[in-house]
Number of protein chains: 2
Amino acid sequence: MRTLVTGGAGFLGSHLCERLLAAGHEVICLDNLKSGRRENIAHLLARPDFQFLVHDITQPIFIEGPIDYVLHMASLASPKDYLQEPIHTLKVGSWGTHHTLGLAKAKGATVLLASSSEVYGDPEVNPQPESYWGRVNPVGPRSVYDESKRYTEAIGVAYHRVHGLRVRIARIFNTYGPRMRLEDGRVLPMFMTQALRGEPLTIYGDGSQTRSLCYVSDLIEGLWRLLVAPGTEALIVNLGNPEEVTIRELAQEVLEVAGSRSPLSFLPLPEDDPKIRRPDIRRAQQVLGWKPLVSRAEGLRRVLPYFQEAIRR
Amino acid sequence: MRTLVTGGAGFLGSHLCERLLAAGHEVICLDNLKSGRRENIAHLLARPDFQFLVHDITQPIFIEGPIDYVLHMASLASPKDYLQEPIHTLKVGSWGTHHTLGLAKAKGATVLLASSSEVYGDPEVNPQPESYWGRVNPVGPRSVYDESKRYTEAIGVAYHRVHGLRVRIARIFNTYGPRMRLEDGRVLPMFMTQALRGEPLTIYGDGSQTRSLCYVSDLIEGLWRLLVAPGTEALIVNLGNPEEVTIRELAQEVLEVAGSRSPLSFLPLPEDDPKIRRPDIRRAQQVLGWKPLVSRAEGLRRVLPYFQEAIRR
């Protein structure tokens with residue numbers, strides 16, 4: 001099997017490359033290194049079954065030879081990044097996805113598109129099943145990401161309907177693990193960095209908003225199962241950990257695992273910040289036989305050494 | 001003033017070109033003639049202040065000389081059309097809008113983007129104010145149009161925020177008038193054609209779903225006022241007629257104005273068809289001093305001769 005991964009040097013992309021290689025795939029990794037990092041895949045570069053191309057997916061791609069699977073993981077994904085580069089973020093979702101789907105169509109490959117729990121916006125139902133249509137402000141500051149992902153889904157199912165392409169869409173909920181960037185603005189790297197440096201932990205709002213955090217090994221297993229699942233129907237599946245935690249509880253858990261005595265510091269809630277977010281994973285359980293196995297307590301312990309090492313660099 | 005209109009040979013586009021010319025603008029009309037028609041602008045072609053270019057807006061555009069206003073009206077807009085060409089519809093919303101905004105940025109022009117009441121999807125509130133975030137199925141059959149327009153809005157406000165571009169977004173509700181295509185699948189041309197030919201009028205579902213129909217002269221006046229409104233803020237405004245009518249009542253009104261005795265014929269409701277749709281036009285009234293002036297009775301009388309002529313061709 002020969003498999004292309006866009007955004008393959010990113011947090012999730014690089015773990016996926018490893019998983020694909022472990023399964024015997026030959027991997028072509030594309031990344032423009034905007035939020036992806038060469039060090040995430042440095043240990044793979046010498047392998048004969050791994051090829052790395054610096055490429056911006058908003059530009060057309062031509063790859064020689066057969067390709068069996070395409071995973072479109074490329075995107076600025078943290079609010080801090082996509083608010084700094086809103087237009088590029090929108091281009092990756094539209095032009096990048098068009099290019100990815102066009103390549104997959106030319107090669108007869110199965111495509112997995114990385115979508116996001118952000119398609120649900122600020123939801124009125126909790127947990128969110130795949131059948132929920134979402135509540136997204138199309139002209140709010142976060143719409144550059146949310147609408148980009150909704151567009152990605154729309155074009156994905158359109159390629160399936162028009163060209164019969166095998167399309168899988170993963171609605172990825174918050175995930176954490178080694179290789180997250182310290183400065184990407186997400187809550188866990190921020191808490192970890194602040195806790196390990198003895199700085200105050202920044203909480204937006206009163207901290208009663210919840211998140212559901214999935215450990216990266218669980219998420220990668222879900223993506224893998226979705227990719228290789230049998231069937232030709234378009235599959236749209238939530239992947240995430242339904243164990244919900246308030247931001248305030250999470251701060252306490254991070255302080256504990258890091259052995260930190262940092263205080264908490266409260267700032268105003270950003271516009272359109274989702275108050276709740278939790279996956280209904282019944283479809284993933286039924287169709288993929290998948291559910292998360294790593295508890296948050298275990299995941300935080302596993303990821304701690306990465307952050308301890310990362311803040312020393 | 002020199003003004004570019006994409007989709008300028010379409011139903012709304014061609015009426016807009018006339019209005020701009022009447023206001024003394026020099027008009028450059030772009031159209032790929034996919035759903036637009038040369039005959040809509042044939043009477044303008046000899047004018048020195050009117051230029052027509054056959055161009056597909058999914059391809060980059062370069063125009064020499066200054067441009068003051070850009071109106072992005074291009075899109076397959078009837079469900080029948082966009083369901084036949086879903087991928088092209090999505091490309092017009094993303095690539096087409098990027099190209100339009102890029103040109104406007106290069107020229108320092110004010111942009112008006114044609115959005116749609118479809119960004120509200122199948123709404124939970126009636127009428128729909130601009131602050132309503134909508135209820136759209138991102139992977140339903142209609143999502144190719146709905147998500148295309150939501151993406152259009154997102155990239156529009158992103159260009160405003162990043163580049164300071166003067167951006168106006170018109171959420172256009174159902175509009176009718178001369179130059180609608182008989183075969184475009186919308187309810188009024190369908191009813192008119194069927195009534196004038198003595199064929200049964202096709203009603204989807206039980207006909208209790210409502211629509212709000214705006215006569216084209218009112219809509220064009222609203223677009224014009226939005227285009228030239230002072231201010232640099234991004235303006236997002238509903239344009240439509242809030243007078244609501246059930247499909248069944250509309251059928252009766254058409255039969256009456258056409259003097260037809262056609263019976264009614266009932267078919268199942270298509271998937272994701274909106275049940276209600278009615279604009280809250282308070283913002284347009286406040287900001288633009290605009291409201292529709294043509295009643296439905298008057299509008300149906302005015303448009304009748306066009307359909308009588310059109311079915312003879």
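As the structure is a prediction and not an experimental result, all values here were calculated from the model.

Conventions adopted
- Residues numbered from 1 in each chain as written.
- Chains lettered and ligands numbered in written order.
- Predicted model: local features only at pLDDT ≥ 70, side-chain atom pairs only at ≥ 80, totals over all residues.
- Axes fitted to C-alpha atoms, helices over the stretch in contact; angles between N-to-C directions.
- Helix = DSSP H or I, 4+ residues; strand = E, 2+ residues; numbered from the N terminus.
- Parallel < 35°, antiparallel > 145°, perpendicular 65-115°, else oblique.
- Left-handed = near helix turned anticlockwise from the far one by under 90°.
- Contact = placed C-beta atoms within 7 Å.
- Nonpolar A, V, L, I, M, F, W, Y, C, P; charged D, E, K, R; others polar.
- Pairing = 2+ DSSP bridges.
- Least-squares fit on C-alpha atoms with pLDDT ≥ 70 in both.
- Core = buried A, V, L, I, M, F, W, Y, C linked by C-beta atoms within 7 Å.
- Buried ≥ 20, exposed ≤ 12 C-beta atoms within 10 Å, placed from the backbone.
- Domains from an automatic or database assignment.
- Expected span 1.5 Å × (residues − 1).

Q: Would you take a moment to explain the packing of helix α4 (residues 143-163) of chain A against helix α5 (residues 143-163) of chain B for this structure?
A: The description of two packed helices rests on the angle between their axes and on the distance between the axes. The N-to-C vectors of α4(A) and α5(B) enclose an angle of 150°; their axes lie 9 Å apart at closest approach. By the angle class used here, α4(A) and α5(B) are roughly antiparallel. Here α4(A) runs over α5(B); the crossing is left-handed. Counting all contacts with α4(A), which are made through Ser143(A), Val144(A), Glu147(A), Arg150(A), Tyr151(A), Ala154(A) and Ala158(A), the residues of α5(B) involved are Ser143(B), Val144(B), Glu147(B), Arg150(B), Tyr151(B), Ala154(B) and Ala158(B). Looking at the contact of α4(A) with α5(B), its residues break down into 8 nonpolar, 2 polar and 4 charged.

Q: In this structure, what is going on with the sheet that holds strand β6 (residues 167-172) of chain B? I would like to understand it.
A: Strand pairing in a sheet relies on backbone hydrogen bonds, with the paired strands running either antiparallel or parallel. Residues and elements named next belong to chain B. The strand order across the open sheet built from 7 strands is β3-β2-β1-β4-β5-β6-β11, with neighbouring strands paired in parallel fashion. Each edge of the open sheet carries a strand with a single partner, namely β3 (50-54) and β11 (235-239). Pairwise comparison of adjacent strand axes, ignoring direction, gives a mean angle of 15° for this sheet. Sheet topology places β6 next to β11; 5 bridges connect them, and they run parallel. In the sheet register, Ile172 faces β11, and the bridge partner there is Leu239.

Q: How should I be thinking about the relation of the copies chain A and chain B in this particular structure?
A: Look at the two chain copies: a rotation about an axis and a shift along it is all it takes to match them. Once turned by 180° and shifted 0.0 Å along the axis, chain A lies on chain B with an RMSD of 0.0 Å. What the superposition gives is, in effect, a two-fold axis relating one chain to the other. Same-surface contact between copies: 100% of interface residues of chain A are shared with the interface of chain B.

Q: Looking at this structure, how should I read the nonpolar core?
A: Soluble globular proteins: nonpolar side chains tend toward being buried together. Core analysis: the largest hydrophobic core is formed by 172 residues, its most contacted members being Phe191(A) and Phe191(B). Aside from chain neighbours lying at most four places away, what touches Phe191(B) is Leu201(B), Leu250(B), Ala251(B) and Val254(B).

Q: Before we go on, may I ask you to explain the interface of chain A and chain B in this structure?
A: Think of interface size as the accessible area that goes away when the parts come together; that is how it is often given. At the interface, 27 residues of chain A touch 27 residues of chain B. Mapped by element, the contributors of at least two residues to the side of chain A that touches chain B are α3 (86-107) and α4 of chain A. When residues in the side of chain A that touches chain B are grouped by element, the largest group, 13 residues, is from α4(A). Of the residues contributing to the side of chain A that touches chain B, the split by class is 18 nonpolar, 4 polar and 5 charged.

Q: Quick question: what am I supposed to make of the domain arrangement of chain A here?
A: All names here are of chain A. Taken domain by domain, chain A consists of domain 1 (2-178 + 214-241 + 279-293) and domain 2 (187-209 + 244-276 + 303-312). Contacts between domain 1 and domain 2 engage 11 residues on the former and 8 residues on the latter. Residue composition of the side of domain 1 that touches domain 2, grouped by class: 4 nonpolar, 5 polar and 2 charged.

Q: Just checking my understanding: could you explain the pairing of strand β8 (residues 201-204) of chain A for this structure?
A: On a regular strand, each side chain points to the face opposite its neighbour's, so the side chains alternate between the two faces of the sheet. Residue and element names in this part refer to chain A. Side chains of β8 alternate between two faces, with Leu201 and Ile203 buried and Thr202 and Tyr204 left unburied. Here β8 pairs with strand β13 (residues 264-267) via 4 bridges, running parallel. When the bridges of β13 are listed, Leu201 appears paired with Leu264.

Q: In this structure, what is going on with the packing of α4(A) against helix α4 (residues 86-107) of chain B? I would like to understand it.
A: One can describe the packing of α4(A) onto α4(B) by two numbers: an axis separation of 9 Å at closest approach and a directional angle of 155°. Between α4(A) and α4(B), the angle falls in the class roughly antiparallel. Read as a crossing pair, α4(A) and α4(B) show a hand that is left-handed. For the pair α4(A) and α4(B), the contacting residues are Tyr151(A), Ala154(A), Ile155(A), Ala158(A), Tyr159(A), Arg161(A) and Val162(A) in the first and Pro86(B), Ile87(B), Leu90(B) and Ser94(B) in the second. Here the contact of α4(A) with α4(B) is composed, by residue class, of 9 nonpolar, 1 polar and 1 charged.

Q: Help me understand helix α6 (residues 216-228) of chain A, please; the structure alone is not making it clear to me.
A: Given 3.6 residues to a turn, an α-helix orients residues that are three or four positions apart in the same direction. Taking 1.5 Å of rise per residue, 13 residues should cover 18 Å, and α6(A) covers 19 Å from first to last C-alpha, within 8% of that figure. Buried within α6(A) are the following residues: Val216(A), Asp218(A), Leu219(A), Ile220(A), Gly222(A), Leu223(A), Leu226(A) and Leu227(A).

Q: What is the right way to look at the sheet that holds strand β11 (residues 235-239) of chain A in this model?
A: Residues and elements named next belong to chain A. Ordered in space as β3-β2-β1-β4-β5-β6-β11, the 7 strands form an open sheet in which the pairing is parallel. With partners counted over all chains shown, the strands left at the sheet margins are β3 (50-54) and β11, one partner each. Strand-to-strand, the axes of this sheet are offset by a mean angle of 15°, without reference to chain direction. Sheet topology note: the strand β2 (residues 26-31)/β3 ladder contains 5 bridges and is parallel. When the sheet's bridge partners are listed, Ile28 is paired in β3 with Gln51. Where helix α1 (residues 11-22) meets the sheet, its contacts fall on β1 (2-6), β2, β3 and β4 (69-72), and the angle it forms with β2 comes to roughly 170°.

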